[in-house]
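# Chain and residue survey
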Amino acid sequence: MQSKPLPAAAPGVVCVGLGPGDPELMSVKAQRLVCQARHVAYFRKKGRPGQARQIVQGLLAPGVQEYPMEYPVTTEIALHSPAYTQALASFYDHWCQRLAQLARDAQVVVLCEGDPFFYGSFMHLYTRLRARGDVALQVVPGIPGMVGCWHATGQPMTWGDDALAVLAGTLPEDELARRMHSAEALVVMKVGRNLPRIRRALARAGRLNDAWLVQHGTMANQQVARLSEVPGDACPYFAIVLVHGQGRRPEAAPC
């Protein structure tokens, strides 16, 4: 018996959060949209396959049209320089226009690691597309990468009244140390080449010995170790530093 063709999806842009990396941690809705997609866009560094594209390997339909959105710069220019800001702004402006054109007649599924509204590159396209007002927009939530990473350590992240601080490793060292000192549980994103600064800030806050480094959390090449035992000053972009809270909890009775 021949299967019926899928109905055409409504034109527009749909960004799907793919979760922390393991394809099985995708939501049912995200997987359905990915499998039915006829036009797929995703971010990647030039010359790389792109993490989001790798997550959906084997899920895309035959003949799907792919649109790799290659960053013009990553680490070649200083993060806070005007040249970096201008290069990224032009990049997002270009892809806003391109996606808007494609979405007039078809549904374009944009792939995003983790959750699109949590440090996701798609946020820059979302605000531009929303401002246009002529593109149907939908965002499908995903499990944030940090959630997959703290589960990889096998330890609860927060207890009782613990305050959780989520920090960007791009912050100045003094600011990192200040915030690391004031919160019971810590998540540091955007690690990569910022690892030396993060180490120093943790040491100043007295938290280094309690910190964990999770690289490629939930993926096949996942690595989990105490940060103090990890050699070197560089790690992949897909790495997160964690310090677990140790707050209020009922005392356990002897078993």
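Residues numbered from 1 in each chain as written. Predicted model: local features only at pLDDT ≥ 70, side-chain atom pairs only at ≥ 80, totals over all residues. Heavy atoms only, no water.

## Digging into the pattern of salt bridges
Tallied over the full model, the rule gives 11 salt bridges. With a closest N to O distance of 2.7 Å, Glu 173 and Arg 200 form a salt bridge. Pair noted here: Glu 173 is in helix 6 (residues 173–182) and Arg 200 is in helix 7 (residues 195–204), with a separation of 27 residues, a long-range link. Residues participating in the shared-partner salt-bridge network are Glu 173, Asp 174, Arg 200 and Arg 204. (Salt bridge = Lys/Arg side-chain N within 4 Å of Asp/Glu carboxyl O. Helix = DSSP H or I, 4+ residues; strand = E, 2+ residues; numbered from the N terminus.)

## Topic: helix 5 (residues 145–152)
Buried within helix 5 we find Met 146, Gly 148, Cys 149 and Trp 150. For helix 5, the secondary structure elements touched by its buried residues are strand 6 (164–168), strand 7 (185–189), strand 8 (211–215) and strand 10 (239–243). Count one or two residues on from helix 5 and you reach Gly 154, which has phi positive near 75 degrees. (Buried < 20%, exposed > 50% of the residue type's maximum accessible area, 1.4 Å probe, protein only. Contact = heavy atoms within 4.5 Å.)

## Some points on the nonpolar core
Membership of the largest hydrophobic core comes to 24 residues, with the highest contact counts inside it found for Val 13, Met 69, Leu 99, Val 110, Phe 122 and Leu 125. The set of elements that each furnish at least two residues to this core consists of strand 1 (12–17), strand 2 (39–44), strand 3 (65–70), helix 3 (82–102), strand 4 (107–112) and helix 4 (122–132). With 8 residues, the top contributor of residues to this core is helix 3. Excluding residues within four positions of it along the chain, Leu 99 makes contact with Val 13, Ala 41, Met 69, Val 108, Val 110 and Leu 125. Counting residues in each nonpolar core, the second largest holds 22 residues, with Ala 165, Leu 176, Leu 186 and Val 191 among its members. (Core = buried A, V, L, I, M, F, W, Y, C linked by side-chain atoms within 4.5 Å.)

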